[in-house]
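Observations on the model geometry
Residue strings, one per chain:
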Amino acid sequence: MKIYIAGHRGMVGGAILRQLEARKAAGEDLTLITRTHGELDLTDQAAVRAFFHSERPDLVILAAAKVGGIMANNTYPAQFIYENLMMECNVIHQAYEAGVTRLLQLGSSCIYPKLAPQPMAEDALLTGTLEPTNEPYAVAKIAGIKLCESYNRQYGTDYRSVMPTNLYGPGDNFHPENSHVVPALIRRFHEAVEAGSDEVVIWGTGTPYREFLHVDDMAAASLFVLDLDKAVYDANTEPMLSHINVGTGQDVTIAELARTIAAITGFTGSISFDASKPDGTPRKLMDVSRLAAMGWRAGIGLQDGLRDAYAWFVSQHAKAP
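Everything in this summary refers to the structure shown in the same document. (Residues numbered from 1 in each chain as written. Predicted model: local features only at pLDDT ≥ 70, side-chain atom pairs only at ≥ 80, totals over all residues. Heavy atoms only, no water.)

Applying the stated criterion to the full structure yields 10 aromatic pairs. Between Phe174 and Trp312, the aromatic rings sit 6.1 Å apart at their centres with planes inclined by 25 degrees, giving stacked as the arrangement. Highlighted residues: Phe174 in the loop between β6 (166-168) and α6 (181-195) and Trp312 in helix α11 (residues 302-316), separated in sequence by 138 residues. An aromatic cluster is present here, built from Tyr4, Phe51 and Phe52 joined pairwise through their rings. (Phe/Tyr/Trp six-rings, centres within 6.5 Å; stacked < 30°, edge-to-face > 60°. Helix = DSSP H or I, 4+ residues; strand = E, 2+ residues; numbered from the N terminus.)

Below, the structure is given as structure tokens:
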């Protein structure tokens, strides 16, 4: 079995690669194919075509994406929609052209409407207006789902999509401006402790609810879905509503998250909120009953997961500029 992992240097792709390497070490006959961005630009159609023609993988995991937090999505909307659309179109189409019948595409919970009923079930897709701050990225991820479904319908492929909630963990992006909320808070509180600061200011009101999933759980869920017998997958999905939510089914407010991370990093000062900054969607809780019915649930609790993420940050990024 030759498996191509697109985006193996990203947080999710790296976690999937680690779990596949563990399977290989345990005796599974796997050939794992990876390419860095420097080796293969997935937005370059000709390069992707040549890669698939040469390597001929049996299975593809599309974890490559341009991702970022609210500020990054607001600042670079054209890049977010263009690069993600191009990667999806090139990888999915060239996989089909090369005879790949099995593919897993990773999306995002931002595909759902801003005011979708909570928890958000798979059938909430395309039922309302998207959150404006990340609409370009969300449109690209919706297109990825529909690409997979369209190739399945027309060509009989077995292309599947999983939609994770907010992810965090080893390999995350801890950039001070372009990161998601968990790594941003970890870095901010860590630096506050180092500097001896007595206050940390958080963007927004702190009232929105968010659900968080450790990346190792996401990797395990991805491989679980990929390993499902096609009859089981098809029995639990629909041809034009085929994606599967992945999450914990539990959420916390941003204020609660901030207090938890403050405690983990050892910050004892005050926490205040800048209400002039955007909150984003009021709540984003995933309905994970479809995946639970197939036999998978998250296993890493939020506090344990955050401790793991903080330990990784300290070991890898604490001295980064």
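After that view of the structure, there is still more to cover.
Let us now look at the side chain of Asp172. Mapped onto the elements of the fold, Asp172 is located in the loop between β6 and α6. Look at Asp172: it is buried, it has no salt bridge, and the nearest opposite charge is Arg18 at 11 Å. Apart from the residues lying within four places of it in its own chain, the contact partners of Asp172 are Met11, Leu167, Pro183 and Trp312. (Buried < 20%, exposed > 50% of the residue type's maximum accessible area, 1.4 Å probe, protein only. Lys, Arg positive; Asp, Glu negative; His and termini not counted. Salt bridge = Lys/Arg side-chain N within 4 Å of Asp/Glu carboxyl O. Contact = heavy atoms within 4.5 Å.)

It is worth spelling out the sheet that holds strand β3 (residues 59-62) at this point. Pairing is parallel in the open sheet, where 6 strands are placed in the order β2-β1-β3-β4-β5-β10. Strands at the two margins of the open sheet, each flanked by one partner only, are β2 (31-33) and β10 (244-246). Averaged over all neighbouring strand pairs, the angle between strand axes comes to 20 degrees, with direction disregarded. The pairing of strand β1 (residues 2-6) with β3 spans 4 bridges and is classified as parallel. Paired with Ala6 across the strands is Leu62, a residue of β3. The strands touched by helix α1 (residues 11-25) within the sheet are β1, β2, β3 and β4 (102-106), with β1 carrying the most contacts at an inclination of about 155 degrees. (Pairing = 2+ DSSP bridges. Axes fitted to C-alpha atoms, helices over the stretch in contact; angles between N-to-C directions.)

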